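The lines below spell out each chain.
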Amino acid sequence: MRPDQVIRGALMMVAAGIVFAAMNAVIRLAADELHTFQIVFFRNLFGLAFMLPWVLRRGLGSLRTNRYGLYFLRALLGLIAMGLWFWSLTKLPLAEAVSLSFTTPLWVT
């Protein structure tokens, strides 16, 4: 790897950390007015808005799979996980929720 690629990757990781922290804070603020399901809906709607140019450029063929059952299961589990994460952000102190999220690698392994 070239050094500029390493620096670019590190900067992207820092930017991702900042964006995720901001998203968590916005979820906490939005939870005062919106239900968790509504927050999940809008998060996915904005995700679609950001991904739509890529899909339009590459075509729907770039999302093609032969394992529709597994694809649906993955999407469903991801949606449930997102809903539970957003719900936990509304019920727990923000620092505690984020600290608990750091245990994910332990549970996955």
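Before going into details, it helps to say that this report is about the structure given with it. (Residues numbered from 1 in each chain as written. Predicted model: local features only at pLDDT ≥ 70, side-chain atom pairs only at ≥ 80, totals over all residues. Heavy atoms only, no water.)

## A look at the packing of aromatic side chains
Pairs of aromatic rings are described using the distance from one ring centre to the other and the angle between the two planes. Under the counting rule described, the total for this entry stands at one aromatic pair. Ring geometry for Phe41 and Phe42: centres 5.3 Å apart, planes at 70 degrees, overall edge-to-face. Among the residues examined, Phe42 registers a relative accessible area of 36% and is labelled partly exposed. (Phe/Tyr/Trp six-rings, centres within 6.5 Å; stacked < 30°, edge-to-face > 60°. Buried < 20%, exposed > 50% of the residue type's maximum accessible area, 1.4 Å probe, protein only.)

## With respect to the packing of helix 1 (residues 3-30) against helix 3 (residues 68-91)
Between helix 1 and helix 3, the least distance of the axes is 9 Å, while the angle of their chain directions is 65 degrees. Between helix 1 and helix 3, the interaxial angle falls into the category roughly perpendicular. In this structure, the crossing between helix 1 and helix 3 has a hand that is right-handed. Counting all contacts with helix 1, which are made through Met23, Asn24, Ile27 and Arg28, the residues of helix 3 involved are Trp85, Phe86, Leu89 and Thr90. (Axes fitted to C-alpha atoms, helices over the stretch in contact; angles between N-to-C directions. Helix = DSSP H or I, 4+ residues; strand = E, 2+ residues; numbered from the N terminus. Parallel < 35°, antiparallel > 145°, perpendicular 65-115°, else oblique. Left-handed = near helix turned anticlockwise from the far one by under 90°. Contact = heavy atoms within 4.5 Å.)

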